[in-house]
Every structure is written in C-alpha cells, then in structure tokens.
Amino acid sequence: MAEAYIVGAVRTPVGTRKGKLADAHPADLGAHVLRALMERTDVDPVAVEDVIMGCVSQAGPQALDVARTAWLSAGLPETTPGVTIDRQCGSSQQALHFAAQGVMSGTQDLVVASGVENMAMVPMGANVQFSLDNGLPIYGTGWTDRYGEQEISQFRGAQLIAEKWGLSREQMEEYSLRSHHRAAAAIAEGRFADQIAPINGVDTDEGVRPDTTLEKMAGLAPLREGWSLTAAVASQVSVGAAALLIASERAVEEHGLTPLARIVQLTVTGDDPVLMLTGPIPATRTALRKAQLGIDEIDSFEINEAFACVPLAWAQETGANLDATNPNGGAIALGHPLGATGAILMTKLVHELHRSGGRYGLQSMCEGGGQANTTIVERV
C-alpha cells in the first residue's frame, strides 16, 4: 500500500462564542486556512484533487457544501472539487482519514483534509429536528424500538461515564484546571505560533483562562441537579477552522514538499450510543493492535476533551500516560469548534511531535452516535 504524508497543517486561533471571530462567515474561516495552507506548502493549488471538509451543523451559512464554497471563497481554482462530511465531533478527523485513504489507495496524490465550525453563528443542533414535547431529537421508529425514548445526549452520556468510572467532580475539576494551565503555558511559550494563521487581528486562542482556580470551579452550579458535571469540566462553544495537506510519495517528490508526519494507522469504531463518548477506548485499542504498537510507544496523545471524564476514563482503560496527553491543553481550555476540532488536534499533534522530538502520536475523539476515530502518525 502507498504511503500518505501530512505535508502541511495550519489552523485559525480558536475563538469564543462572544469573541472577535464570532461574526466570521464559516466559508471565510475555511477559506482563510485553505489559502494559508497553499501558501505555506507552496503547492500549485491546481494540483489539489479534492477538498474534504468536516462540519457538523450544516445549516444556514454552513450549508451548501461549505468545503466547495470555502475553496472558491479563497480565490482558488474552480477545477478542484470539495465535499463536506459529518461524523459528528470527529468530522474533520474523518476528513483526514478519507484524504489519506485516497492517497494510500493510489487514486489520488494531493488531497486537503479540513474542518470548520462557527458555533456562535450556527448553534449546535441547528440542523436537528427536536420534539416540542420533551425537547429531544426526533428519531425514527427503528431507533426508538431499540433504545426507547430515553434522553440520548452528550451531557447525559458524560454524566453516566463519570458515574461508571467513579470520577468525582473534584477529579474532573483538577483535570480541567490542568488543561487551562497547560494551554496558558503553551501560549506564553509561543508553541502555537507556527501553526496558527492569524485572522481578523486575532492570533491567540481566546478561550483559555489562566487565572481560573479550583475555588472558582467549585462555586459553579452543576449542569443539572444531582449531577457532578459543570461548565468548568466541559468543552467550550467555539469558532475555528483548520486544514492539512495530505500527499503521496510521488507528490512529495514532484512538488518538493517536506513531510511533517507519516500516516501509520487509521481506525474508526462504534460503541454504546447512550454512553456516547466512550468510543476512543476501543478505537485506541484497535488502532494500536493494527499498528503493532504498545501504548507506551506513543510519545504524545491528543484526546478530545469534550468533557473531563472522557480522557480520564480513556486513560484508566488504556493505561495511557496522562502527562503525555494533551500536553498543550485541550478543548476545555482551547475550545471545541465541532467539525473543525479533528483537524485542529492533528495540527497540534504534528507540531508537538516536532517540538518535543517524539516519534509516534495518537489522536482520538468521541463522537455522536457512540463512535470514535483514532489516527496514529509518525514524525518525519
């Protein structure tokens, strides 16, 4: 099978719901990173064979195949097509998988994997039909016959995970505090500078709270009475975009590209849709088994912090080193712009491997419907 390489990875700063990027049109956010990717890799954009973009809430300004509109909004060639995909929170990680698979199959040489989401402009659930009776999504009879009419949501799933794995509110708050501290340190040290393409005068992730404390977190009300979850242990409503260029060996040689990482393993699995957020556990095990690697051979992990309980339960089950997990902070501090997060995490991961000198990196994300993508890469 042919090899696939990541030869460019760039992202916007992640904005907050009321921040300076809140009014940025999603197609313009996507256009910004696509243009930056072409400029930084110095690739003739005519050679790009497809643009695959993750986006979860494909409604309003995020409808009409935002991958295609973003590419054209960037002033890039009309000859390159685009497709927008939805695997919930893992949408742009799945975009990376599809792009890499196209290259590894030998049918394509240069493919862009990307993601965009402006949750300030297009709220989560904007493309979902909800019941007026109970406020829950309306499913077909086959679904309700199988799972009943119980609430199935990321919030209930996270609470169930916290209970199942015995994770206290205090443990989750301590993890969240570490996320903010790590992200603040990464910003102070300029670790994100090379991966961010500033936009609208913003060059720094907006959501980090370096001055938060356990005392402040302890004062927050739970999301529901009797729950241990609070806003402090959850990811933020965010705005952002990211793009990666995936190349074959032939394209690397023909275009004089410098690989950042080699794709080692691509895995996607399903798990319990009620717990919903546990998918990274079996997906990580499957990816490691197929790559013939041990968990201790991975130098850096990016595990999406949808809620603090997700990486905590994942680490318990896999034996992964939390010190090597989200070393520059995660979505609790930096934000989670749904369809963009997968590409953002991979951008962070490949840059971190080069900064730290690590060899292997592993990324995994929990996704709606009880799914998870896991990607293993090797620094080049």
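Scroll up a little and you will see the structure.
Residues numbered from 1 in each chain as written. Predicted model: local features only at pLDDT ≥ 70, side-chain atom pairs only at ≥ 80, totals over all residues. Heavy atoms only, no water.

Visitor: Provide a residue-level description of the environment of Pro26, including the pertinent values.
Guide: Among the secondary structure elements, Pro26 is positioned in helix H1 (residues 26-41). Taking C-alpha positions, Pro26 is 9.6 Å from Cys55, a pair spaced 29 residues apart along the chain. Sequence-distant contacts of Pro26, defined by excluding residues within four places in its chain, comprise Pro61, Gln62, Val66, Val116, Asn118 and Met121. (Helix = DSSP H or I, 4+ residues; strand = E, 2+ residues; numbered from the N terminus. Contact = heavy atoms within 4.5 Å.)

Visitor: Lay out the packing of aromatic side chains with the relevant residues and their values.
Guide: Taken as a whole, this structure holds 4 aromatic pairs when the rule is applied. Between Trp143 and Tyr147, the aromatic rings sit 4.7 Å apart at their centres with planes inclined by 45°, giving tilted as the arrangement. Within this pair, Trp143 and its partner Tyr147 are both found in helix H4 (residues 141-147), separated by 4 residues, close to a single helical turn. When its relative accessible area of 26% is taken as the criterion, Trp143 is described as partly exposed. With 5.9 Å between their ring centres and 80° between their planes, Phe155 and Phe307 make a pair best called edge-to-face. Residue Phe155 is found in helix H5 (residues 154-164), and its partner Phe307 is found in the loop between strand S8 (300-303) and helix H10 (309-318); the two are separated by 152 residues along the sequence. Its relative accessible area of 2% is what places Phe307 among the buried residues. Among the aromatic residues, those joined into a cluster by ring pairs are Tyr139, Trp143 and Tyr147. Cation over ring: Arg11 sits above Phe192, and NZ or CZ is 4.9 Å from the ring centre. (Phe/Tyr/Trp six-rings, centres within 6.5 Å; stacked < 30°, edge-to-face > 60°. Buried < 20%, exposed > 50% of the residue type's maximum accessible area, 1.4 Å probe, protein only. Lys NZ or Arg CZ within 6 Å of the ring centre and 35° of its normal.)

Visitor: Help me get a handle on a nonpolar patch on the surface, residues and values and all.
Guide: Residues Met124, Phe155 and Leu223 make up a contiguous nonpolar surface patch of roughly 250 Å² in combined accessible area. If you trace the backbone, Leu223 turns up in the loop between helix H7 (214-218) and strand S6 (238-248). (Patch = residues over 30% accessible without salt bridge, like charges linked within 9 Å, V, L, I, M, F, W, Y side chains within 5 Å. Areas by Shrake-Rupley, 256 points an atom, 1.4 Å probe, with all protein chains shown as cover. Salt bridge = Lys/Arg side-chain N within 4 Å of Asp/Glu carboxyl O.)

Visitor: I'd like a rundown of the packing of helix H3 (residues 91-104) against helix H12 (residues 341-356), residues and numbers included.
Guide: At a minimum axis separation of 5 Å, H3 and H12 run at an interaxial angle of 70°. By the angle between their axes, H3 is roughly perpendicular relative to H12. Across from Ser92, Gln93 and Leu96 in H3, the residues of H12 making contact are Thr341, Gly342, Ala343 and Met346. Here the contact of H3 with H12 is built from residues that sort into 3 nonpolar, 4 polar and no charged. (Axes fitted to C-alpha atoms, helices over the stretch in contact; angles between N-to-C directions. Parallel < 35°, antiparallel > 145°, perpendicular 65-115°, else oblique. Nonpolar A, V, L, I, M, F, W, Y, C, P; charged D, E, K, R; others polar.)

Visitor: Describe unusual backbone geometry, listing the residues and the values that go with them.
Guide: Of note in this structure, Asp42 is not a glycine but carries a positive phi near 60°. Its location among the elements puts Asp42 in the loop between H1 and strand S3 (50-54). A residue is classified by how much of its surface remains accessible, and Asp42, at 66% relative accessible area, is exposed. Its identity as a non-glycine residue notwithstanding, Asp65 has a phi of 55°, on the positive side. You can call Asp65 partly exposed: its relative accessible area is 28%.

Visitor: Summarise empty space enclosed by the protein; cite the residues concerned and give the values.
Guide: Taken as a whole and judged by the stated rule, the model has 3 cavities of 30 Å³ or more. Considering the residues around the largest cavity, the lining is formed by Arg11, Val14, Asp205, Gly330, Ala331, Leu334, Gly335, Pro337, Thr341, Ile344, Leu345 and Lys348. For the lining of the largest cavity, the elements supplying multiple residues, two or more each, are helix H11 (331-334) and H12. At 4 residues, the largest contribution of residues to the lining of the largest cavity is made by H12. (1 Å grid on protein atoms, 1.4 Å probe; cavity = no way out; pocket = protein on both sides within 12 Å on 5 of 7 lines; lining within 4 Å. Points joined across faces, edges and corners; volume = space filled by probe spheres on them.)

Visitor: How would you summarise the pattern of salt bridges if you had to cite specific residues and measurements?
Guide: All chains considered together, the criterion is met by 13 salt bridges. We note a salt bridge from Arg262 to Glu3, for which the minimum N-O separation is 3.4 Å. Residue Arg262 is located in strand S7 (residues 261-270), and its partner Glu3 is located in the segment before strand S1 (4-11); the two are separated by 259 residues in the primary sequence. In this structure Glu3 comes out as partly exposed when scored by relative accessible area, which is 25%.

Visitor: Describe the state of the cysteines, with residues and values.
Guide: Counted by the stated rule, this structure contains 0 disulfides. Of the cysteine sulfurs around Cys89, a residue in no disulfide, the closest is that of Cys366, at 6.2 Å. Assessed through its relative accessible area of 14%, Cys89 is described here as buried. According to the relative accessible area criterion, Cys366 is buried, its value standing at 2%. (Disulfide = S-S within 2.5 Å.)

Visitor: Provide a residue-level description of the layout of surface pockets, including the pertinent values.
Guide: Approximately 760 Å³ is the volume attributed to the largest pocket. For the lining of the largest pocket, the elements supplying multiple residues, two or more each, are H5 and strand S9 (360-367). Considered class by class, the residues forming the lining of the largest pocket number 18 nonpolar, 10 polar and 4 charged. Size it by volume and the second largest pocket reaches roughly 640 Å³. Lining the second largest pocket are 25 residues, with Ala231, Ala234, Ser235, Gln236 and Val237 sitting closest to its centre. Taken together, the residues of the lining of the second largest pocket break down into 14 nonpolar, 7 polar and 4 charged.

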